[in-house]
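Chain by chain, the residues:
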Protein chains: 2
Amino acid sequence: MSFTQLNTNKGEIMAKDKKLVEQITSMDEDFAKWYTDVVVKAELIAYSSVKGCMIIKPAGYAIWENIQAELDKRFKETGVENVYMPMFIPESLLQREKDHVEGFAPEVAWVTQGGLNPLQEKMCVRPTSETLFCDFYKDEVQSYRDLPKCYNQWCSVVRWEKETRPFLRSREFLWQEGHTVHATAEDAEERTIQMLNLYADFCEEFLAIPVVRGQKTEKEKFAGAENTYTIEALMHDGKALQSGTSHNFGNGFAKAFGIQYTDKENKLQYAYQTSWGMTTRLIGAIIMVHGDNSGLVLPPRVAPTQVMVIPIQQFKDGVLDKANEIKDALKKAGVRVKLDDSEKSPGFKFSEQEMRGIPLRVEVGPKDIENGTCVVVRRDTSEKITMSIDELADKLPGLLETIQSDMFNRQKERRDSKIYDAHNYDEFKDIVENKPGFIRGMWCEDKECEVKIKEDTSATSRCMPFNDKEQISDVCVCCGKPAKKLVYWGKAY
Amino acid sequence: MSFTQLNTNKGEIMAKDKKLVEQITSMDEDFAKWYTDVVVKAELIAYSSVKGCMIIKPAGYAIWENIQAELDKRFKETGVENVYMPMFIPESLLQREKDHVEGFAPEVAWVTQGGLNPLQEKMCVRPTSETLFCDFYKDEVQSYRDLPKCYNQWCSVVRWEKETRPFLRSREFLWQEGHTVHATAEDAEERTIQMLNLYADFCEEFLAIPVVRGQKTEKEKFAGAENTYTIEALMHDGKALQSGTSHNFGNGFAKAFGIQYTDKENKLQYAYQTSWGMTTRLIGAIIMVHGDNSGLVLPPRVAPTQVMVIPIQQFKDGVLDKANEIKDALKKAGVRVKLDDSEKSPGFKFSEQEMRGIPLRVEVGPKDIENGTCVVVRRDTSEKITMSIDELADKLPGLLETIQSDMFNRQKERRDSKIYDAHNYDEFKDIVENKPGFIRGMWCEDKECEVKIKEDTSATSRCMPFNDKEQISDVCVCCGKPAKKLVYWGKAY
């Protein structure tokens, strides 16, 4: 890549523009390759010498910081407090709850040596922290007065995956894990649903990603949970991405760990628990829902930089001054704005701003300044709007909000258009083969049908939706036996 | 502990008050025991089943969140960007820089198994991430245009300590580590000093902890660094606590890792690097600098809760309403305020608020409400101020700032009164024995004298101060040979 001299010929700008964009594979040609091209070219990650682990670069980490800040605020509004637990789990502690250890033991990293000596008991690096929280709660919770406890931690966890992809599946990833403990089963269920809805609202309002809310089947639920609830988003290629889960543990962990409290009648009771988590996987969702062949497209609310000001012929008198004025005015209006006054050509800067998904760019050159105007370009639609420079600070905050809701509506429409009904197995197989998306199909609640569908088609049950009670048939889409549950099926990441 | 019924008799309140306070050891009797009592009773931490690792509870973690937010803001103002590196370091990568591996290899935790299989190459959990950043920078840095890179990460690190104490020394701790890379030695030195000064200002302005800024001796510098700069604070017991360090690596790591760039003349050059870090140890410093025999004392700027409103006779008509009104008014004025309307007695609530170090408490009961007044009690001085309820929102923000600066000034005076000059070795030994604090003494720059002093007295060289060039003698305080360097010595955590 050479940083060529300034360049004002529109034709040349477009040519350069195209050049940079050509560096990424077209999403229609090879979606997986397009994805990895975007994460690298938009400078979200770098590959590391540590197999299966990635480096999150500033542009990627800043997205995570915005996700964190917004989620953390929403958590705290519901009374959640943050804590920090050790990253190691002694083997005996991991083994305390039977289903849980079976689910996680095969995929953890084991520490066997500390300093120069072998450990007496090996410890794993946390794949999730239920066992640590339970061990903690068994001492902290004594009386009904101590309940509920609603704790969360922001940390990294490790799962020894064989195949990895940036953000979607890596051996180490960042997340939050909430762990709550309650007096009654009802309180625990209420918190489980509350957090699932918080996750769903966050995805829709902040990331402009429409989701289906529902319950996982027995087969797909979390290791050790009574019920797992999930939000499922649909990626551009028609595959589903599980984007957040919330688990109700009942009192199973409490019994395994001895978490008991004395109730108001002074009787000893087991406590009820939940956990819920969201991860850096959300960044993968943003890329695969909103991205296009020019790179990343960020919804304004999550975008670290919302507006990039790009001067044209910046060497000419007054251009950089005006560009700086615009930047300062926007900053004052609460917009996250940057000015690209580097040596690169404007065309190159346009391509970079597009690749990085910055929602708006403001182009301003000598002619514009003469007229008191500039050109505002929307990243999501490529629409160019000529605007008075004096109006920018007034109008751009509103325009960013318009982009945010346009992006959500556009994706909701697209997602809805990719939900297909299957009434029998032939239809089901035909849809999986030819129409990537969600498949609505009735299910007899027999695990064997889930297994068969997965083996035959590689589609899995994504969830039993909350808000979609329609009985599209009264027989199982797989075996034809009577069925009452509607399930969303699909291929998934 | 029983939560007895409401109780307005002042004598009884005081009796209860005393009772709770008696639960912590007096700091004059046993400072170490006082410290561990406070961290537990103020609910900052809990001990975990993982040896040498602690659980940071909400009251402790909220302090860390405030430290993080303020430091992060100050970092970003200097152009620092956040990233995230893997938590594992392959053995071969750790071994790349000779001094560095010698310094850290004996105290790391080793992962030898991933999933069900032994690893081909063992990996340690990062004790610090110089090697990972270098491995990353060797690819990222190609041209002088790529420089400087000023990255930071917030994460946890592991060092397999034998003896541990909450916040001060634990096998896992939270920190930030900044890693920068520059074109010239001068740029690296400038950044190293800039960050040390940022740390010092942060401690003094935000934590109200006065520090000495200076340079570490050869013996005490970081493994692999050319120079290490440090800030040293003095705890209540007269022992020093190293509270933040900033390292200049020169181009040593760059040579070991091959971090080269082409300069403006198109010649290949090695880059220059720095790193700098602060940890959860700062919470230990806050406790040991400001704490007293009633528990924690938090400077208002770092306090998660700045004001606790405690109603007296809250069962009486109008008391809770007025207490809530006060809370709302203070919140609106930007104060971090809570209302304790629990079932506990006022006396118990007072003790809890004092134990947790909340800077101000507002007592309001039926008589106060009749008079339109309330009682404001300062945690740092125990001063009681009768104040009109209507004035609270106007006056408390200013009072909190007064407390902040009073706390700093008080600690600075105390610290200054504990700096002693030693002109010869007898004086030196006498001071170490009888006057806990910093000892100013000249040093011949021979490592042997440092070793001897440590063996004889257990005092170590803390730093060679920047702003204290006074030649208190021209001979080494240990060996009597000519000496030009002034050193601050002291026992340390």
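Residues numbered from 1 in each chain as written. Chains lettered and ligands numbered in written order. Predicted model: local features only at pLDDT ≥ 70, side-chain atom pairs only at ≥ 80, totals over all residues. Heavy atoms only, no water.

**Student:** With reference to specific residues and values, describe the overall build of chain A.
**Tutor:** A tally of regular secondary structure across chain A gives 15 helices and 23 strands. In terms of overall dimensions, chain A is globule-like: its C-alpha atoms have a radius of gyration of 26 Å, near the 23 Å expected for 493 residues. In terms of overall dimensions, chain A has C-alpha extents of about 80 × 60 × 45 Å along its principal axes. Looking at chain A as a whole, 59% of its 493 residues qualify as buried. A fraction of 69% describes how many contacts in chain A between residues 6 or more apart in sequence connect residues 24 or more apart. Summed over its atoms, the accessible surface of chain A is roughly 19,900 Å², and 45% of this surface lies on carbon and sulfur atoms. Side-chain charges in chain A split into 67 positive and 78 negative, and the spacing between the mean points of these groups amounts to 2 Å. (Helix = DSSP H or I, 4+ residues; strand = E, 2+ residues; numbered from the N terminus. Rg over C-alpha atoms; globule rule 2.2 N^0.38 Å. Buried < 20%, exposed > 50% of the residue type's maximum accessible area, 1.4 Å probe, protein only. Contact = heavy atoms within 4.5 Å. Areas by Shrake-Rupley, 256 points an atom, 1.4 Å probe, with all protein chains shown as cover. Lys, Arg positive; Asp, Glu negative; His and termini not counted. Charge placed at Lys NZ, Arg CZ, Asp CG, Glu CD.)

**Student:** So what about the interface of chain B and chain A? Which residues, and what values?
**Tutor:** Listed as interface residues are 52 residues of chain B and, on the opposing side, 52 residues of chain A. For the chain B and chain A pair, buried surface summed over both sides reaches about 4,400 Å², with 62% attributable to carbon and sulfur atoms. When the buried area of chain B at its contact with chain A is split by residue, Pro58(B), Tyr84(B) and Trp160(B) rank highest and sum to 14% of it. One can count six salt bridges joining chain B with chain A. (Buried area = accessible area lost by both parts, 1.4 Å probe. Salt bridge = Lys/Arg side-chain N within 4 Å of Asp/Glu carboxyl O.)

**Student:** Mind laying out the packing of aromatic side chains, listing which residues take part and the relevant values?
**Tutor:** According to the stated counting rule, one finds 40 aromatic pairs over all chains in the structure shown. Centre to centre, the rings of Phe133(A) and Tyr137(A) are 6.0 Å apart; their planes meet at 45 degrees, and the pair counts as tilted. Here Tyr137(A) and Phe133(A) lie together in helix α6 (residues 130-140), a separation of four residues that amounts to about one turn. For Tyr137(A), a relative accessible area of 0% gives the class buried. By way of ring pairs, the aromatic residues Trp64(A), Phe75(A), Trp154(A), Tyr199(A) and Trp276(A) are connected into one cluster. Note that Arg361(A) overlies the ring of Phe350(A), its terminal NZ or CZ placed 4.0 Å from the centroid. Taking NZ or CZ as reference, Lys122(B) lies 4.3 Å from the ring centre of Trp110(B), over its face. (Phe/Tyr/Trp six-rings, centres within 6.5 Å; stacked < 30°, edge-to-face > 60°. Lys NZ or Arg CZ within 6 Å of the ring centre and 35° of its normal.)

**Student:** I'd like to hear about the pattern of salt bridges, residue by residue, with values.
**Tutor:** Oppositely charged side chains are able to pair whenever their charged atoms sit close together. All chains considered together, the criterion is met by 72 salt bridges over all chains. Two residues, Glu140(B) and Lys57(A), come together in a salt bridge whose shortest N-O distance is 3.0 Å. Taken together, the residues span two chains, with Glu140(B) in helix α6 (residues 130-140) and Lys57(A) in the loop between β2 (54-56) and α3 (58-77). Through salt bridges with shared partners, one network takes in Arg378(A), Asp380(A), Glu383(A), Asp406(A) and Arg410(A).

**Student:** How would you explain empty space enclosed by the protein if you had to name every residue and give the values?
**Tutor:** Under the definition given, this model contains three cavities of 30 Å³ or more. What the largest cavity holds in volume is close to 70 Å³. If you go around the largest cavity, the residues you meet are Tyr84(A), Pro86(A), Cys53(B), Met54(B), Ile56(B), Ser170(B), Glu172(B), Phe173(B), Leu174(B) and Thr280(B). Only β2 (54-56) and β8 (172-182) of chain B provide two or more residues apiece to the lining of the largest cavity. Looking at which element gives the most residues to the lining of the largest cavity, the answer is β8(B), with three residues. Among the residues forming the lining of the largest cavity, the class breakdown is seven nonpolar, two polar and one charged. (1 Å grid on protein atoms, 1.4 Å probe; cavity = no way out; pocket = protein on both sides within 12 Å on 5 of 7 lines; lining within 4 Å. Points joined across faces, edges and corners; volume = space filled by probe spheres on them. Nonpolar A, V, L, I, M, F, W, Y, C, P; charged D, E, K, R; others polar.)

**Student:** Just give me the short version of helix α11 (residues 346-355) of chain B, but keep the residues and values in it.
**Tutor:** Along α11(B), nine of the 10 residues are buried, which leaves the element largely enclosed by surrounding structure. Once α11(B) ends, the next one or two residues include Gly357(B), with phi positive near 75 degrees.

**Student:** So, the packing of helix α14 (residues 425-434) of chain A against helix α15 (residues 447-457) of chain A: which residues are in play, and what are the values?
**Tutor:** The packing of two helices is summarised by the inter-axis angle and the distance between the axes. Residues and elements named next belong to chain A. Packing of α14 against α15 brings their axes to within 11 Å, and their N-to-C directions diverge by 45 degrees. On the basis of their axis angle, the class for α14 and α15 is oblique. In this structure, α14 crosses over α15, and the sense of that crossing is right-handed. On α15, the residues touching Tyr425, Phe428, Lys429 and Val432 of α14 are Lys452, Ile453, Asp456 and Thr457. Residue composition of the contact of α14 with α15, by class: four nonpolar, one polar and three charged. (Axes fitted to C-alpha atoms, helices over the stretch in contact; angles between N-to-C directions. Parallel < 35°, antiparallel > 145°, perpendicular 65-115°, else oblique. Left-handed = near helix turned anticlockwise from the far one by under 90°.)

**Student:** Let's hear about the relation of the copies chain B and chain A: which residues, and what values?
**Tutor:** Between chain B and chain A, which share one sequence, the superposing operator has a rotation angle of 180 degrees and an axial displacement of 0.0 Å; the RMSD is 0.0 Å. The transformation relating the two chain copies, once decomposed into turn and shift, fits a two-fold axis. Considering only C-alpha atoms, the part of chain B nearest the rotation axis is Val111(B), at 2.1 Å. Of the interface residues in chain B, 100% have counterparts in chain A that sit at the interface too, so the contact is made through matching surfaces. (Least-squares fit on C-alpha atoms with pLDDT ≥ 70 in both.)

**Student:** Report on the pairing of strand β6 (residues 117-125) of chain B, specifying residues and quantitative values.
**Tutor:** Residues and elements named next belong to chain B. With three bridges joining them, strand β4 (residues 88-90) and β6 adopt antiparallel strand pairing. For Ile89, the partnering residue across the bridge sits in β6 and is Cys124. In terms of strand pairing, strand β5 (residues 109-114) meets β6 through four bridges, oriented antiparallel. Its bridge partner lying in β6, Gln113 is registered against Pro118. Hairpin connection between β5 and β6: a loop of two residues separates the two successive antiparallel strands, and Gly115 in this loop has a positive phi of roughly 65 degrees. (Pairing = 2+ DSSP bridges.)

**Student:** Quick rundown of the sheet that holds strand β5 (residues 109-114) of chain A? Include the residues and the values.
**Tutor:** If you walk across this open sheet you meet the six strands as β4(A)-β6(A)-β5(A)-β5(B)-β6(B)-β4(B), and the pairing is antiparallel. Both outer strands of the open sheet, β4 (88-90) of chain A together with β4 of chain B, are each paired with one neighbouring strand and no more. Direction aside, the axes of adjacent strands within the sheet are offset by 45 degrees on average. Sheet topology note: the β5(A)/β5(B) ladder contains five bridges and is antiparallel. Across the sheet, Gln113(A) pairs through a bridge with Trp110(B), a residue of β5(B).

**Student:** Describe the side chain of Asn251(A), naming the residues involved and giving the relevant values.
**Tutor:** Residue placement: Asn251(A) occurs in the loop between β11 (240-250) and α8 (252-257). Contacts of Asn251(A), omitting those with residues within four sequence positions, involve Tyr270(A), Ala271(A) and Tyr272(A).

**Student:** A description of helix α9 (residues 281-290) of chain B should follow, citing residues and the corresponding values.
**Tutor:** Of all 10 residues that make up α9(B), 10 are buried, and the element is covered over most of its length. For α9(B), the full list of buried residues reads Arg281(B), Leu282(B), Ile283(B), Gly284(B), Ala285(B), Ile286(B), Ile287(B), Met288(B), Val289(B) and His290(B).

**Student:** Talk me through the pairing of strand β21 (residues 438-443) of chain A; I want residue IDs and the actual numbers.
**Tutor:** Residue and element names in this part refer to chain A. Counted residue by residue, β21 has six buried out of six residues, so it is predominantly covered. Burial of the side chains of β21 extends over both faces: Phe438, Arg440 and Met442 are buried on one face and Ile439, Gly441 and Trp443 on the other. Strand direction decides the pairing type here: strand β20 (residues 419-421) and β21, joined by three bridges, are parallel. Within the sheet, the bridge partner assigned to Ile419 lies in β21 and is Phe438. As judged from the five bridges shared by β21 and strand β23 (residues 485-490), these two strands associate in the antiparallel manner. Bridge assignment links Ile439 to a residue of β23, and that residue is Trp489.

**Student:** Tell me about the state of the cysteines, and name the residues and values.
**Tutor:** Simply put, the disulfide is a covalent bond whose two ends are the sulfur atoms of two cysteines. Tallied over the full model, the rule gives zero disulfides over all chains. Between Cys463(A), a free cysteine, and Cys203(A), which holds the nearest cysteine sulfur, the sulfur-to-sulfur gap is 13 Å. Just so you know, Cys479(B) is unpaired, no disulfide at all, and the nearest cysteine sulfur is the one on Cys449(B), 3.6 Å from it. (Disulfide = S-S within 2.5 Å.)

**Student:** Outline the environment of Leu93(B), listing residues and values.
**Tutor:** Residue and element names in this part refer to chain B. With respect to the helices and strands, the residue Leu93 is situated in helix α4 (residues 91-94). As a C-alpha pair, Leu93 and Leu132 span 39 residues in sequence and 7.7 Å in three-dimensional space. With near-sequence residues (within four places) excluded, Leu93 lies in contact with Thr131, Leu132, Asp135 and Phe257.

**Student:** I'd like to hear about the side chain of Ser275(A), residue by residue, with values.
**Tutor:** Residue and element names in this part refer to chain A. Mapped onto the fold, Ser275 is located in strand β14 (residues 272-279). At a separation of 2.7 Å, a polar atom in the side chain of Ser275 contacts the side chain of Glu130. Those residues in contact with Ser275 that sit more than four places away from it in its chain are Glu130, Gly178, His179, Thr245, Ser246, His247 and Phe249. (Polar contact = N/O pair within 3.5 Å; in protein donor to acceptor, adjacent residues only side chain to side chain.)

**Student:** Kindly report on unusual backbone geometry, identifying the contributing residues and their values.
**Tutor:** In this chain, Leu147(A) is followed by Pro148(A) through a cis amide linkage whose omega measures -5 degrees. In this fold, Pro148(A) is placed in the loop between α6 and β7 (149-158). Here Ser458(A), not a glycine, exhibits a phi torsion of approximately 65 degrees, which is positive. Inspection of the secondary structure puts Ser458(A) in the loop between α15 and β22 (460-465). Among the residues examined, Ser458(A) registers a relative accessible area of 39% and is labelled partly exposed. The phi angle at Asn266(B) is positive, at roughly 65 degrees, despite the residue not being glycine. Tracing the backbone shows Asn266(B) in the loop between β12 (260-262) and β13 (268-270). The exposure class assigned to Asn266(B) is exposed, which follows from its relative accessible area of 63%.

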